[in-house]
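Results of the structural survey
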Amino acid sequence: MSTLFDLSRRHLLAGLAGTAALPALSPQAIAQTRARLVIVGGGFGGATAAKFLKHFLPDATVTLIEPNETFVACPFSNLVIGGQRSINQQTFTYDALRAIGVDVVHQTASDIDTDAHTVTLAEGGGTVGYDKLIMSPGVDIRWGALEGYDERAAEKMPHAWKAGAQTTLLRQQLEAMDDGGLVVMSAPLAPFRCPPGPYERASLIAHYLKTQKPDSKLLILDAKDTFSKKPLFMDAWAKLYPDHLEWRGAADFGRVVSVDPSTMTVSTDFEDITADVANIIPPQKAGDIADRAGVSDETGWCPINPLDFSSTLQPDIHVIGDATIAAPMPKSAFSANLQAKFCAMQIARQVAGLDVEPTVLANTCYSYIAPDQAISITGVYSNADGKLTSIEGAGGLSPEIADDSVRTAEAAQADAWFQTITQEAFG
Ligand code: FAD
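Residues numbered from 1 in each chain as written. Predicted model: local features only at pLDDT ≥ 70, side-chain atom pairs only at ≥ 80, totals over all residues. Heavy atoms only, no water.

A word on the nonpolar core. The biggest cluster of nonpolar side chains holds 77 residues, and the ones touching the most others in it are Phe 44, Ile 112, Val 119, Leu 133 and Phe 309. Here the element with the most residues in this core is helix H10 (residues 333–351); it accounts for 11 residues. Those residues in contact with Val 119 that sit more than four places away from it in its chain are Val 38, Val 40, Ile 65, Ala 109, Asp 111, Ile 112, Gly 126, Thr 127, Val 128, Tyr 130 and Leu 133. (Core = buried A, V, L, I, M, F, W, Y, C linked by side-chain atoms within 4.5 Å. Buried < 20%, exposed > 50% of the residue type's maximum accessible area, 1.4 Å probe, protein only. Helix = DSSP H or I, 4+ residues; strand = E, 2+ residues; numbered from the N terminus. Contact = heavy atoms within 4.5 Å.)

Per the stated rule, a full pass over the model turns up 16 salt bridges. Residue Lys 239 is joined to Asp 235 by a salt bridge in which the shortest nitrogen-to-oxygen separation is 2.9 Å. On the criterion of helical spacing, the pair formed by Lys 239 and Asp 235 is a turn pair, its members being 4 residues apart in helix H8 (residues 230–240). By relative accessible area, which is 58% here, Lys 239 ends up exposed. When its relative accessible area of 29% is taken as the criterion, Asp 235 is described as partly exposed. Between Asp 288 and Lys 285 there is a salt bridge; the shortest N-O distance is 2.7 Å. It is possible to trace a salt-bridge network through shared partners that takes in Lys 217, Glu 246, Arg 248 and Glu 271. (Salt bridge = Lys/Arg side-chain N within 4 Å of Asp/Glu carboxyl O.)

To summarise the sheet geometry, strands pair through backbone hydrogen bonds and adopt either a parallel or an antiparallel arrangement. Strand order across the open sheet formed by 3 strands is S14-S15-S16, with antiparallel pairing between neighbours. This sheet does not close on itself; its edge strands, each paired only once, are strand S14 (256–260) and strand S16 (272–274). If you compare each strand with its neighbour and ignore which way they point, the axes differ by 25° on average. Strand direction decides the pairing type here: strand S15 (residues 265–268) and S16, joined by 3 bridges, are antiparallel. What sits directly across from Thr 265, in S16, is Thr 274. (Pairing = 2+ DSSP bridges. Axes fitted to C-alpha atoms, helices over the stretch in contact; angles between N-to-C directions.)

On to the pairing of strand S1 (residues 36–40). The buried count for S1 comes to 4 of 5 residues, which makes it a mostly enclosed element. Assessed by its sense of winding, the connection that carries the chain from S1 through helix H2 (residues 44–56) to strand S2 (residues 61–65) is right-handed. (Right-handed = clockwise from strand over helix to strand, strands pointing away.)

Quick look at the site of the ligand now. Neighbouring the ligand are 35 residues, the closest being Gly 45, Glu 66, Ser 136, Arg 193 and Asp 322. Within the side chain of Asp 322, a nitrogen or oxygen atom sits 2.7 Å from an oxygen atom of the ligand. Within the backbone of Phe 334, a nitrogen or oxygen atom sits 3.0 Å from an oxygen atom of the ligand. Of all the elements in the fold, those that place two or more residues in the shell around the ligand are H2, helix H3 (77–82) and H10. Across the shell around the ligand, the residue classes tally to 17 nonpolar, 13 polar and 5 charged. (Near = heavy atom within 4 Å. Polar contact = N/O pair within 3.5 Å; in protein donor to acceptor, adjacent residues only side chain to side chain. Nonpolar A, V, L, I, M, F, W, Y, C, P; charged D, E, K, R; others polar.)

For the coordinates displayed, the defined rule picks out 21 aromatic pairs. Here the aromatic residues Phe 44, Phe 71, Phe 76, Phe 92, Tyr 94, Tyr 368, Phe 418 and Phe 426 are joined through ring pairs into a cluster of three or more. Cation over ring: Arg 171 sits above Tyr 208, and NZ or CZ is 4.5 Å from the ring centre. When the ring centre of Trp 301 is taken as origin, the NZ or CZ atom of Lys 331, which lies over that ring, is 4.0 Å away. (Phe/Tyr/Trp six-rings, centres within 6.5 Å; stacked < 30°, edge-to-face > 60°. Lys NZ or Arg CZ within 6 Å of the ring centre and 35° of its normal.)

What follows concerns H10. With 19 residues, H10 should reach 27 Å at 1.5 Å per residue; the first-to-last C-alpha distance of 27 Å fits that figure. Counted residue by residue, H10 has 17 buried out of 19 residues, so it is predominantly covered. Phi for Gly 353, located one or two positions after H10, is positive at around 85°. (Expected span 1.5 Å × (residues − 1).)

Two elements in contact, helix H6 (residues 165–176) and helix H7 (residues 197–212), have axes separated by 11 Å at closest approach and are oriented at 30°. Put simply, H6 runs roughly parallel to H7. The two elements H6 and H7 cross, and the hand of that crossing is right-handed. For the pair H6 and H7, the contacting residues are Leu 170, Arg 171, Leu 174 and Glu 175 in the first and Arg 201, Ile 205 and Tyr 208 in the second. Of the residues belonging to the contact of H6 with H7, the class tally is 4 nonpolar, no polar and 3 charged. (Parallel < 35°, antiparallel > 145°, perpendicular 65-115°, else oblique. Left-handed = near helix turned anticlockwise from the far one by under 90°.)

Let's shift gears to the side chain of Ser 203. Topologically, Ser 203 is positioned in helix H7. Excluding residues within four positions of it along the chain, Ser 203 makes contact with Phe 233, Trp 237, Tyr 241, Leu 245, Tyr 368 and Ile 369.

Structure (structure tokens):
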């Protein structure tokens, strides 16, 4: 069985596989610091950051603030919607983090005083002081940005873009729909969490309709004309779901301008469509606490220095994961996890009095096109010179022409990736 050190070092290296300049921590650098390190948000970014901070700085006080007692993962939640997985398989506890000495506080951070260096906990929970704060609050929905789409509308037209009750609601609605029904999905403009996610979901819903409700159909109404892995998805849909899935981009009047949950109407500039099931994936922004901390800008997202993921707006705060402006890195669990490890290392170097060093970051997003077939896209990024840039010629896509065995092998890799990343964050 691996020790934490073996595990973290092996996974750190695996996560940074192919990187040219992994900044090393000398034994002296793993200082016996008693710094107060606080993390807001216990998802893929925050949980990973807590674990690696505790590893690099064992004598530091590491506090993770997260309201939920269990975490429900979005990656693979499309398989719950498609009927291949249960929501329990998506659910993780914080027991392993507690076991290594992370102080896990199940509260919402309601405010951050950047002068006093304190995080205020909701419901009179008091304050927690920090020397360094990492924020990984994920995304919040821009309620009302799409006319008619507010929190009440989401109970009838689920977004399922935060995993949990919304995921099971959409699954139940699909199961309850009569054969012959119309499922409508609306996809937003970028930037949003998980760029290929809507199209993976569409594939798995179409598979469900084809196999269980063959007279039904999925219509995707998209606010844009192109999307991640589009040629691969379009090719898969033409082969696998020609009668069950139709995609309309902005040029085909696919952009949704308003919804009315009382009549289940989804309206574009061109027509009003009545859905039997409507999955509205709305515009998003950094988690609300980012605004209160003053780390988000007018875009709703958080600018960072990619050398150490420190906020460019507030001192001693680092922001990682979906909340950041880190393009061309996508908003993915893979990115959040790697940014967390890298940020933890740079903080450890800083508190040990060492300079931060540039490195190379990477991301792979797997997407299922059917329950046993997947495709992927990989990007490799440099953070030198204070900029995140794609490294030309590195990374790539699954081949466009491939037989089923290639897609099946990628599905197995996707499964292994999910086991690894959830073990790293929560195991
Ligand atoms: P999260 O993981 O969402 O964590 C944020 C945490 O912050 C939450 O636990 C929340 O409760 C907490 N929080 C928020 N506000 C506060 C507050 N005020 N106080 C305390 N805590 C707070 N990524 C992949 O890499 N591969 C995939 O295959 C993939 N598939 C996806 C499929 C779908 C359908 C979706 C929606 C997403 C998918 N993703 C995938 C994207 C992935 O889920 C996110 O990119 C990832 O979760 C981002 O991590 P994060 O730490 O930024 O946010």
